[in-house]
Amino acid sequence: MADITDVIVIGAGFAGLTSARELTAKGHTVRILEARDRIAGRTWTEHRMGRNLELGGTWVHWVQPHVWAEMTRYGIRPVGGPEFEKAYWWAGGQRHEGPAERILQIIDEPNRRLLSGTRELVPLPYQPLANPAVKDADQDSLSDRIDALGLDNEQRQLLRTFWSLNFNGKLDEAAFTQALRWCSAASGDWMLMFEACATYKVEGGTVALAEAILADAGAELELDTVVTKVEQDEDGVRVTTADGRTHAARAVVVTLPLNALDTVEFSPALSAGKQAAAARGQAGRGAKLWIKVRGRWDRFVAFGAEDWPLHFIQSEYFDEDSTTLVAFGPDGHAVDVEDTAAVQAVLEQLIPGIEVLEVTGHNWVDDGFSRSTWPMHYTGYLSEHLEEMQRPEGRLFLAGSDYASGWGGFIDGAIESGFTAARAVHALLT
Ligand SMILES: Cc1cc2nc3c(=O)[nH]c(=O)nc-3n(C[C@H](O)[C@H](O)[C@H](O)COP(=O)(O)OP(=O)(O)OC[C@H]3O[C@@H](n4cnc5c(N)ncnc54)[C@H](O)[C@@H]3O)c2cc1C
């Protein structure tokens, strides 16, 4: 057995890095055990197609206070994306095109009605259960709520694609409250919410921010170290890794995504509530692809039907002879991140004359260390599980975007949750 560390942090994503930094700043010794050969978890800045691309989390905004404060702390600036001129969309079994604002106009009134209860039901985004009435709303699926609006075909189809995009998943069991929580965090303004989701990137890539936090942490980091078991008793914690080693600590912060939580054995077992939440998981199980197409295209956005393998595409980088697009789909198994022909077949239904040259991405759903993309919860998670996931068990603390109060699903939520866990661990250790 190795010597005793004050705290073991499992996972070097934004939640783990933040809690490690906060704990070392309070004088605790911290060892981070990370399964992958790199830090940053579900964010991943990689050089592909001739430039640094974000294969995972990308966009940040000043309405997301935790990530913004970290950028300020390390002098990392935001980088704006393109302003869109043109739109393509699918409705009524055929393609349409028009100015980019047209899509926002079509979904503005329905979105306002859908989200009209936001400020009442979730008045305080960082206390999402403050109004007990939100518990009833948490039983409703977003799919049912959209269909109850009585929209015409075009509005309904576009709104469903818009929310399936936000969920990176299917809408049938998607919690209506997740939409309320996002909108509440954007002060009740759905357009500001949309801007926050896909406009400003991190200078130098998300990896630059992750590295800055790590460099500040003074923690010991072990990469390629897969945790298999976490045991605790009143004296301490023992963490076993796949290479057969055991690490001792006084407390452990576990940052595994909800969909991967059951890959580790806990002794004593996690509470029944935590296990039930992990068994169901969360809905964000879709795809994100980067696509290089021939020629210099307009700055466009495109919305397909909600069940297409790729249902949202936007042009992101513009070179002399080619344009690089980013695209999302609701089901990570419905599209191969390297299948150029399949991507061509989807895109040409919407955008005449487009020619796909190259495709890349990462299959986060089949990646055993995430089994999901960004956390978007099912009906009942907020009311039945969130508080339980946030409740420490003895010397064990969960942290991560999946368990955040505010911008759950975002880098911001991971950082928020890392702070919260570090505060609780510090209280235990002192
Ligand atoms: C495709 C995609 C697009 C996204 N877009 C955005 C966006 O634009 N803006 C935004 O804010 N957010 C976005 N997100 C979400 C954001 O990236 C995540 O919410 C956030 O990075 C999660 O951080 P985390 O620390 O909670 O979890 P993770 O980053 O998943 O960190 C958990 C860590 O635990 C490690 N781990 C897992 N199992 C083990 C084990 N057994 N032993 C040891 N280590 C283990 C993992 O390797 C990982 O490093 C996106 C995510 C994806 C996948």
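Residues numbered from 1 in each chain as written. Predicted model: local features only at pLDDT ≥ 70, side-chain atom pairs only at ≥ 80, totals over all residues. Heavy atoms only, no water.

**What to know about the overall build of the protein**
Keep this limit in mind: The helix and strand labels rest on DSSP assignments: H or I over at least four residues marks a helix, E over at least two residues marks a strand, and numbering proceeds from the N terminus. Based on C-alpha atoms, the radius of gyration is set beside the globule rule, defined as 2.2 Å times the residue count to the power 0.38. Accessibility here uses a 1.4 Å probe with only protein chains present; expressed as a share of the type maximum, an area under 20% marks a residue as buried, one over 50% as exposed, and anything in between as partly exposed. By definition, residues are in contact when any of their heavy atoms lie within 4.5 Å. By the counting scheme adopted, Arg and Lys are positive, Glu and Asp are negative, and His together with the chain ends is not counted. In plain terms, the charge of a residue is placed at NZ if it is Lys, CZ if Arg, CG if Asp and CD if Glu.
A tally of helices and strands in the protein yields 14 helices and 19 strands. Relative to the compact-globule value of 22 Å for 430 residues, the protein shows a C-alpha radius of gyration of 21 Å, a close match. Taken across its 430 residues, the protein has 59% of its residues classed as buried. Sequence-distant contacts in the protein: of pairs separated by 6 or more residues, those separated by 24 or more amount to 73%. If you average the places of the 39 positive and of the 62 negative side-chain charges in the protein, the two averages end up 2 Å apart.

**Considerations on the UniProt feature "binding site: substrate" (unreviewed entry) in the protein**
Where we set the bar: UniProt positions are given in the numbering used here, feature names are shortened, and annotations may be inferred rather than shown by experiment.
Residues given the UniProt feature "binding site: substrate" (unreviewed entry) here are Phe328. Within the fold, Phe328 resides in strand S17 (residues 322-329). For Phe328, a relative accessible area of 6% corresponds to the buried category.

**Overview of the site of the ligand**
Operational definition: Here a residue counts as near a molecule or strand whenever at least one of its heavy atoms sits within 4 Å of it. Nitrogen and oxygen atoms within 3.5 Å of one another constitute a polar contact, given that in protein one can donate a hydrogen and the other can accept it, and given that sequence-neighbouring residues count only through two side-chain atoms. Accessibility throughout is a Shrake-Rupley quantity obtained with a 1.4 Å probe, and a residue counts as covered only by protein chains that appear here. Residue type decides the class: Asp, Glu, Lys and Arg count as charged, Ala, Val, Leu, Ile, Met, Phe, Trp, Tyr, Cys and Pro as nonpolar, and the leftover types, Gly among them, as polar.
Taken together, 38 residues surround the ligand, and among them Glu34, Arg42, Trp59, Ser401 and Ile411 come closest. Residue Phe14 places a main-chain N or O atom 3.2 Å away from an oxygen atom belonging to the ligand. In this structure, Ala35 approaches the ligand through a main-chain N or O atom, which is 3.1 Å from a nitrogen atom. Look at the ligand: alone it shows 1,000 Å² of surface, and the protein chains cover 98% of it. Secondary structure elements with two or more residues in the shell around the ligand: helix H1 (14-25) and helix H14 (411-429). Among the residues forming the shell around the ligand, the class breakdown is 21 nonpolar, 13 polar and 4 charged.

**As for helix H8 (residues 176-185)**
Along H8, 10 of the 10 residues are buried, which leaves the element largely enclosed by surrounding structure. Turning to H8, its buried residues are Phe176, Thr177, Gln178, Ala179, Leu180, Arg181, Trp182, Cys183, Ser184 and Ala185. Following H8 by one or two positions, Ser187 has its phi on the positive side, about 55°.

**Observations regarding the UniProt feature "binding site: FAD" (unreviewed entry) in the protein**
UniProt's feature table lists "binding site: FAD" (unreviewed entry) at Glu34, Ala35 and Val227, given in the numbering used throughout. Across 194 residues in sequence, these annotated residues keep their C-alpha atoms within 8.0 Å of one another, forming a single compact spot. On the secondary structure map, Ala35 appears in the loop between strand S2 (30-33) and strand S3 (45-48). When neighbours within four sequence positions are excluded, Ala35 is seen to be in contact with Asp224, Thr225, Val226 and Phe369.

**Focus on the pairing of strand S12 (residues 246-254)**
The following threshold applies: Pairing between strands requires that DSSP locate at least two bridges from one strand to the other.
In terms of burial, S12 is largely enclosed, as 7 of its 9 residues are buried. Looking at chain direction, strand S1 (residues 5-10) and S12 are connected through 5 bridges and run parallel. Looking at S12, one finds that Val9 is bridged to Val253. The pairing of strand S11 (residues 237-241) with S12 spans 4 bridges and is classified as antiparallel. Within S12, the residue paired with Val239 across the bridge is His247. In this structure, S12 lies alongside strand S19 (residues 396-398), joined through 3 bridges in parallel fashion. The residue of S19 that forms the bridge with Val254 is Leu398.

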